[in-house]
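Understanding the architecture of this molecule
Given next are the chains, with one letter for each unit.
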Amino acid sequence: MGFARTCSVALVGVEGVVVEVQADLEPGVAAFTLVGLPDKSLTESRDRVRAAVVNSGAEWPQKKLTVGLSPASVPKAGSGFDLAVACAVLGAAERIDPRVLADIVMIGELGLDGRVRPVRGILPAVLAAADAGYEQVVVPECAAAEAALVPGVSVLGIRSLRQLIALLTDEPVPDEKPDDLGRPDPLLAGLRVPGTGAATGMHSIGAAQHDHDLADVVGQHSARTAVEVAAAGGHHLFLEGPPGAGKTMLAERLPAVLPRLDREASLEVTAVHSVAGLLPPGKPLIDVAPYCAPHHSATMQSLVGGGPGIARPGAVSLAHRGVLFLDEAPEFHSQTLDALRQPLEAGHVVIARSAGVVRFPARFLMVLAANPCPCGRFSQRDTLCECPPSAIRRYQARLSGPLLDRVDLRVEVDPVTRAQLTQPGARGESTATVADRVREARERAAARFTGSPWRTNSEVPGRELRSRWQAASGAMDEAERNLERGVLTARGLDRVLRVAWTVADLAGHDRPDASDVALALQLRTGVPRGVPMAIGTPA
């Protein structure tokens, strides 16, 4: 009887569970049994592994073979166990020393010819292996850079099963050359799921930062101030105005204003995109704020996550540490929009399915854009709108009160005039100038929150703001009167104080004064209060 074991990783959401892959050979009729809650793609690995072993020049054992995946209570999905199964079988057949395999984690799919193909979720899988105390990981060669992002782990990138067998048995390593026919390397196809490119609105904005500059937005001084405040404090933003006023342009330029991600945030974002199959080849680490703009026909599962079997991350998780832009927000289904209320408060989303419960990170900056009415021309200053009052009320009521109560900033975007478009030298501040102010404001907030679990003003609970970081004496009087009159809810009052702290950080104030709170109230309610819509401008 032969026995060998090695390890692989099962992903549940963006969290990994180290799985021990055991192979047992017994005398009897040749058979291959795979146990341990495998899904369909994992069950098919029996045929892939057998063909890969034979085509790699090794002999397939003609005995009763049982492969167990432990712990058996954890559902296992995907083809990333192929490499571990093949090596466990060869260890049981004594082609490889079983003692060499015991402390190695192997992740990768096998082709029928023995080549090792990449799979999704390499980074979270290696993170799970490192947390479990493993120091050696074998991954496909083209995913080695992604795995090497995890410190303290020795990563071995291989191109074929033949290479791995030679390395583990101290034999000469064969040279596996890529195809020289001018075609893309077929091994890279597993790093990206088809149909998830930039055209879907779910991508990193890194390559597009140079093409999107705030200076291209004509006019819209109030909206530009709101964008700057949103970026500095991580506040959600609602832009309302007629078509063509620049709402989408402002939202597309917001990610470039956000600071670059630190190491911890980069690993979080990269892990989510790796599981979703959105990591482009050659860029293993995402260090800029992601941007996700789903179409208004998106389903609830595509927005918050889900799908058959083990849930997949949705748009709110793909926008983690970045921007989620919902253009034409009233056109989204009301239940889909209301599903955002929980992740907006918690910073994560928990999805329960029959196959298991998964938790995805979802701390994003939401930008809503909407027209004032179905035709888009409703305004208090003219009578161009032809929509009946009942249609306007129904259209505006599609955004529920509880959802809008979680939005910190509400700005009306005015139509652009002919003079603004044709006036020479009317360009506003560039993205780089605004980004510098945002970075400085974030640094002030980070210094204030040293020793606490929060990074931005939008994350701080209201009780902490009222007890530890209070505004100047008398600065909150007007906001508290709005609470008594019912203009603000208790949540709204806390959010006004958060925005006021962001305004103070941008203006360089030690704590919010009356002018900072007044501007925060104006941004929160959308009601003009005679405060200049510019940071640091005296009233």
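For every chain, the first residue of the written sequence is number 1, and numbering continues from 1 along that sequence. Local features are withheld for residues below a pLDDT of 70 in this predicted model, meaning they are given only at 70 or higher, and side-chain atom pairs are given and counted only at 80 or more; totals for whole chains, interfaces and linings count all residues. With hydrogens and water excluded, all non-hydrogen atoms of the structure serve as input to the side-chain values.

Notes on the overall build of the chain
The following threshold applies: Strands are runs of DSSP state E lasting at least two residues, helices are runs of H or I lasting at least four, and both sets are numbered from the N terminus onward. Each residue gets one of three labels from its accessible area relative to the maximum for its type: buried under 20%, exposed over 50%, partly exposed in between, using a 1.4 Å probe on protein chains only. Contact definition: two residues touch when any of their heavy atoms are within 4.5 Å. Using a 1.4 Å probe, accessible areas were evaluated by the Shrake-Rupley method; residue-level cover was limited to the displayed protein chains. Counting rule applied: Lys, Arg positive; Asp, Glu negative; His and chain ends not counted. Taken as the charge location is NZ of Lys, CZ of Arg, CG of Asp or CD of Glu.
Scanning the chain for helices and strands turns up 22 helices and 17 strands. Oriented by its inertia axes, the alpha-carbon framework of the chain measures out at about 85 × 50 × 45 Å. Here the chain, with 539 residues, has 51% of them falling under the buried criterion. A separation threshold of at least 6 residues defines the contact pool for the chain, and within that pool the share at least 24 residues apart is 71%. When the accessible surface of the chain is split by element, carbon and sulfur atoms take 51% of a total near 23,700 Å². Between the averaged position of the 56 positive side-chain charges in the chain and that of its 61 negative side-chain charges there is a distance of 4 Å.

Here we look at the packing of helix 8 (residues 221–233) against helix 21 (residues 490–507)
We apply this condition: To obtain an axis, a line is fitted to C-alpha atoms, over the contacting stretch when the element is a helix, and the angle between two such axes runs from 0 to 180 degrees between their N-to-C directions. Small angles under 35 degrees read as roughly parallel and large ones over 145 as roughly antiparallel, with 65 to 115 read as roughly perpendicular and the rest as oblique. Just so you know the grouping, Ala, Val, Leu, Ile, Met, Phe, Trp, Tyr, Cys and Pro go in nonpolar, Asp, Glu, Lys and Arg go in charged, and all remaining residues, Gly too, go in polar.
Packing of helix 8 against helix 21 brings their axes to within 9 Å, and their N-to-C directions diverge by 100 degrees. Of the possible angle classes, the one that applies to helix 8 and helix 21 is roughly perpendicular. Contacts between helix 8 and helix 21 involve Glu-228, Val-229, Ala-232 and Gly-233 from the former and Val-499, Thr-502, Val-503 and Leu-506 from the latter. When the residues that make up the contact of helix 8 with helix 21 are grouped by side-chain class, the tally is 5 nonpolar, 2 polar and 1 charged.

Structural notes on the packing of aromatic side chains
Geometrically, a pair of aromatic rings is defined through the distance of the ring centres and the angle of the planes. In plain terms, the rule: Stacked, tilted and edge-to-face are the three classes assigned to paired rings of Phe, Tyr and Trp, where Trp is represented by its six-membered ring and a pair needs centres within 6.5 Å; plane angles under 30 degrees give stacked, over 60 edge-to-face, the rest tilted. Both a distance and an angle decide whether a charge sits over a ring: NZ of Lys or CZ of Arg must be within 6 Å of the ring centre and within 35 degrees of the ring normal.
Taken as a whole, this structure holds 3 aromatic pairs when the rule is applied. Measuring from centroid to centroid gives 5.6 Å for Phe-32 and Trp-60, while their planes differ by 40 degrees, and the two rings are tilted. A residue pair is termed long-range when its members are at least 10 positions apart, and Phe-32 in strand 3 (residues 31–35) and Trp-60 in the loop between helix 2 (45–55) and strand 4 (64–70) qualify at 28 residues. Both residues of the pair, Phe-32 and Trp-60, belong to the buried class. The interplanar angle of 85 degrees and the centroid separation of 6.2 Å between the aromatic rings of Trp-454 and Trp-469 together place this pair among those described as edge-to-face. Residue Trp-454 is located in the loop between helix 18 (431–448) and helix 19 (462–467), and its partner Trp-469 is located in the loop between helix 19 and helix 20 (477–484); the two are separated by 15 residues in the primary sequence. For Trp-454, a relative accessible area of 18% corresponds to the buried category. A residue is classified by how much of its surface remains accessible, and Trp-469, at 9% relative accessible area, is buried. Every member of this aromatic cluster is reached through a ring pair, and the members are Phe-449, Trp-454 and Trp-469. One cation-aromatic arrangement involves Arg-448 over Phe-449; the distance from NZ or CZ to the ring centre is 4.9 Å.

Some remarks on the confidence of the model for the chain
Counted only if it meets this: Within a predicted model, pLDDT stands for the predictor's per-residue confidence, ranging from 0 to 100.
Scored by pLDDT, the chain has a mean of 87; 91% of the residues are at 70 or more. Per-element confidence in the chain is highest for strand 5 (residues 104–106), whose mean pLDDT is 97, and lowest for strand 10 (residues 202–204), whose mean pLDDT is 49. Counting interchain partners and residues more than four positions distant, the pLDDT-below-50 stretch residues 195–200 has 8 contacts. Contacts for the low-pLDDT stretch residues 204–209, under 50 throughout, to residues beyond four places or in other chains number 12 contacts.

Re the packing of helix 8 against helix 9 (residues 247–257)
Cut-off, in case you're wondering: Crossing chirality is assigned from the near helix's rotation relative to the far helix, an anticlockwise turn below a right angle marking it left-handed and a clockwise turn marking it right-handed.
With their axes 10 Å apart at the nearest point, helix 8 and helix 9 run at an angle of 40 degrees to one another. By the angle between their directions, the pair helix 8 and helix 9 is classed as oblique. With respect to the hand of their crossing, helix 8 and helix 9 are arranged in right-handed fashion. Across the interface between the two elements, Ala-223, Arg-224, Val-227 and Ala-231 of helix 8 pack against Leu-250, Leu-254 and Val-257 of helix 9.

Some thoughts on helix 3 (residues 82–92)
For helix 3, a buried count of 11 out of 11 residues is recorded, marking the element as mostly surrounded by other parts of the structure. Listing the buried residues of helix 3 in full gives Asp-82, Leu-83, Ala-84, Val-85, Ala-86, Cys-87, Ala-88, Val-89, Leu-90, Gly-91 and Ala-92. One or two steps after helix 3, the chain reaches Glu-94, where phi turns positive at roughly 65 degrees.

Some remarks on the nonpolar core
Here is the rule we go by: We define a nonpolar core as any set of buried Ala, Val, Leu, Ile, Met, Phe, Trp, Tyr and Cys residues linked to one another through side-chain atoms lying within 4.5 Å.
Judged by nonpolar contacts, the single largest core of 56 residues is most densely connected at Leu-237, Leu-239, Val-367 and Leu-523. Tallying contributions element by element places helix 21 first for this core, with 8 residues. Not counting chain neighbours up to four residues away, the residues in contact with Leu-523 comprise Ala-226, Val-229, Asp-408, Leu-409, Arg-410, Val-411, Val-499 and Met-533. Membership of the second largest hydrophobic core comes to 39 residues, among which are Leu-25, Val-67, Leu-83 and Ala-86.

Comments concerning unusual backbone geometry
Cis geometry is adopted by the peptide bond preceding Pro-71, which originates at Ser-70 and carries an omega value of 10 degrees. Inspection of the secondary structure puts Pro-71 in the loop between strand 4 and helix 3. Even without a glycine there, the phi angle at Leu-37 is positive, about 60 degrees. Inspection of the secondary structure puts Leu-37 in the loop between strand 3 and helix 1 (40–43).

Regarding the side chain of Ser-458
Rules: In protein, a polar contact requires one atom able to donate a hydrogen and another able to accept it; more generally it is a pair of N or O atoms within 3.5 Å, and residues adjacent in sequence count only if both atoms are side-chain atoms.
Within the element layout of this structure, Ser-458 appears in the loop between helix 18 and helix 19. What makes Ser-458 buried here is its relative accessible area of 18%. Only 2.9 Å separates the side chain of Ser-458 from the backbone oxygen of Gly-233, close enough to count as a polar contact. A polar side-chain atom of Ser-458 sits 3.0 Å from the main-chain carbonyl oxygen of Gly-234. Not counting residues within four places of it along the chain, the set of residues in contact with Ser-458 comprises Gly-233, Gly-234, His-235 and Arg-498.

Description of the side chain of Asp-82
Residue placement: Asp-82 occurs in helix 3. At 2.7 Å, the side chain of Asp-82 and the side chain of Arg-48 are in polar contact. Asp-82 has contacts with Ser-45, Arg-48, Val-49, Gly-108, Glu-109 and Leu-110, leaving out every residue within four places of it along the chain.

Quick notes on the environment of Arg-481
Turning to its location among the elements, Arg-481 is positioned in helix 20. For Arg-481, a relative accessible area of 38% translates into the label partly exposed. At a separation of 2.8 Å, a polar atom in the side chain of Arg-481 contacts the side chain of Glu-478.

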